[in-house]
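# Descriptive analysis of the structure
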2 protein chains.
Amino acid sequence: MTLSLYSDESYMREALKQARYALAEDEIPIGAVVVLERQIIARAYNQTEKLNDVTAHAEMLALTAAANFLGNKYLTDCTLYVTVEPCVMCAGASAWAQMRRVVYGAPEEKHGFRRHGNLLHRRTELVTGIMAAESAELMQEFFARKRK
Amino acid sequence: MTLSLYSDESYMREALKQARYALAEDEIPIGAVVVLERQIIARAYNQTEKLNDVTAHAEMLALTAAANFLGNKYLTDCTLYVTVEPCVMCAGASAWAQMRRVVYGAPEEKHGFRRHGNLLHRRTELVTGIMAAESAELMQEFFARKRK
């Protein structure tokens, strides 16, 4: 099987790289990228510990970086890739940004937004389960370490 | 009637000052303060236009500033005062911060979090309607100007 350069899997692989940076820094390993016209315009990983800030989730940092890059706070033609189901805060941020698509990997039953209904923008397409196993594995590795 | 220095109204008045700074800068006029042990430890107003960033809501900036001030991302003994009902994003952020109390002024039927259920932390006390008329009036003034 060949992996298209422009597939959801391919961009999720880049988000997973970000998640691994988080893991290396002892942060909850979640990564995100924002893509516009096949180009990655922002990359980020969770930095809540380093920045001492609950708002510094990978998605928030990636949305802010993408808006800075574009000089436009609306990301209407962009896709957000994130390794784990976004929380309520990040889903809300993606709604304000009017994302075209949100693509995530592993579900997050406790803190994920989906149990609160559809909090995304009404025009946002949601795609789930892309490289979910790899994303979940990173999370499990982190929490197994913490328990030791 | 005397207004206690430490009443919810008194802190909301400070949040309203912040909202007026937003109005003066042609931002949607919403202001917030964070209070710990009767002291205001953070003040902020909506800056989504200036910062070109949908995440730059008054509450988000205030929570980040409060965490910076305390050197602690958990605001478990703090109260967030905000002039208008928080959106989903900001409610989610306040949940992560584990706010002790969230106090808002005017309801926001379209973008407020409450129509999605209780998105706050389970230990957060919610108080509503404090100086609601003043808060709503600022919003009406802003949108009336915009329509002109």
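The model shown is predicted, which means the values in this text are computed figures rather than measured ones.

### Examining the UniProt feature "binding site: Zn(2+)" (unreviewed entry) in chain A
Residues and elements named next belong to chain A. Residues annotated in UniProt with the feature "binding site: Zn(2+)" (unreviewed entry) correspond here to His57, Cys87 and Cys90. In sequence the annotated residues extend across 34 residues, while in space they remain close, none of their C-alpha pairs exceeding 9.2 Å. Tracing the backbone through its elements, the reader meets His57 in the loop between helix H2 (48-51) and helix H3 (58-70). Taking the relative accessible area as the measure of exposure, His57 reaches 13% and is therefore buried.

### Details of helix H5 (residues 132-147) of chain A
Helix length check: H5 of chain A, at 16 residues, gives a terminal C-alpha distance of 23 Å against a target of 22 Å (1.5 Å per residue), a fit within 8%. At its buried positions, H5 of chain A is contacted by helix H1 (8-24), strand E3 (78-84) and strand E4 (101-106) of chain A.

### Structural notes on the packing of helix H4 (residues 88-96) of chain A against helix H3 (residues 88-96) of chain B
When two helices pack together, you describe them by how their axes are tilted relative to each other and by the distance separating the axes. The N-to-C vectors of H4 of chain A and H3 of chain B enclose an angle of 155°; their axes lie 7 Å apart at closest approach. Classified by the angle between their axes, H4 of chain A and H3 of chain B sit roughly antiparallel to one another. Crossing of H4 of chain A against H3 of chain B: the hand is left-handed. Taking contact as the criterion, the partners of Val88, Met89, Gly92, Ala93 and Trp96 of chain A in H4 of chain A are, on H3 of chain B, Val88, Met89, Gly92, Ala93 and Trp96 of chain B. Here the residues of the contact of H4 of chain A with H3 of chain B sort into eight nonpolar, two polar and no charged.

### Describing the packing of aromatic side chains
All names here are of chain A. In the structure shown here, the tally under the stated rule is six aromatic pairs over all chains. Ring plane angle 40° and centroid distance 5.3 Å describe the contact between Tyr11 and Tyr81, whose orientation is recorded as tilted. Of this pair, Tyr11 sits in helix H1 while Tyr81 sits in strand E3, and the two are 70 residues apart along the sequence. The burial state of Tyr11 is the same as that of Tyr81; both residues are buried. An angle of 90° between the planes, with centres 5.0 Å apart, marks the rings of Phe142 and Phe143 as edge-to-face.

### Observations concerning the relation of the copies chain B and chain A
When chain B is fitted onto chain A, the two copies agree to an RMSD of 0.0 Å after a turn of 180° and an axial shift of 0.0 Å. Such a combination of turn and shift is consistent with a two-fold rotation axis. Identified as the residue of chain B closest to the rotation axis by C-alpha distance is Met89 of chain B, at 1.9 Å. Most of the interface of chain B is mirrored in chain A, where 100% of its interface residues are also at the interface.

### Considering the sheet that holds strand E2 (residues 39-45) of chain A
Residues and elements named next belong to chain A. The strand order across the open sheet formed by five strands is E2-E1-E3-E4-E5, and the pairing between neighbours is mixed. Taken across any chain shown, the strands that pair with only one partner, and hence form the sheet edges, are E2 and strand E5 (125-127). Ignoring which end each strand starts from, the neighbouring axes of this sheet average 15° apart. Judged from the six bridges that link them, strand E1 (residues 31-36) and E2 form a sheet pairing that is antiparallel. Looking at E2, one finds that Val35 is bridged to Ile40. Of the strands in this sheet, E3 and E4 are in contact with H5, which crosses E4 at around 60°.

Conventions used here
- Residues numbered from 1 in each chain as written.
- Chains lettered and ligands numbered in written order.
- Predicted model: local features only at pLDDT ≥ 70, side-chain atom pairs only at ≥ 80, totals over all residues.
- Heavy atoms only, no water.
- UniProt positions renumbered as here; feature names shortened; annotations may be inferred.
- Helix = DSSP H or I, 4+ residues; strand = E, 2+ residues; numbered from the N terminus.
- Buried < 20%, exposed > 50% of the residue type's maximum accessible area, 1.4 Å probe, protein only.
- Expected span 1.5 Å × (residues − 1).
- Contact = heavy atoms within 4.5 Å.
- Axes fitted to C-alpha atoms, helices over the stretch in contact; angles between N-to-C directions.
- Parallel < 35°, antiparallel > 145°, perpendicular 65-115°, else oblique.
- Left-handed = near helix turned anticlockwise from the far one by under 90°.
- Nonpolar A, V, L, I, M, F, W, Y, C, P; charged D, E, K, R; others polar.
- Phe/Tyr/Trp six-rings, centres within 6.5 Å; stacked < 30°, edge-to-face > 60°.
- Least-squares fit on C-alpha atoms with pLDDT ≥ 70 in both.
- Pairing = 2+ DSSP bridges.

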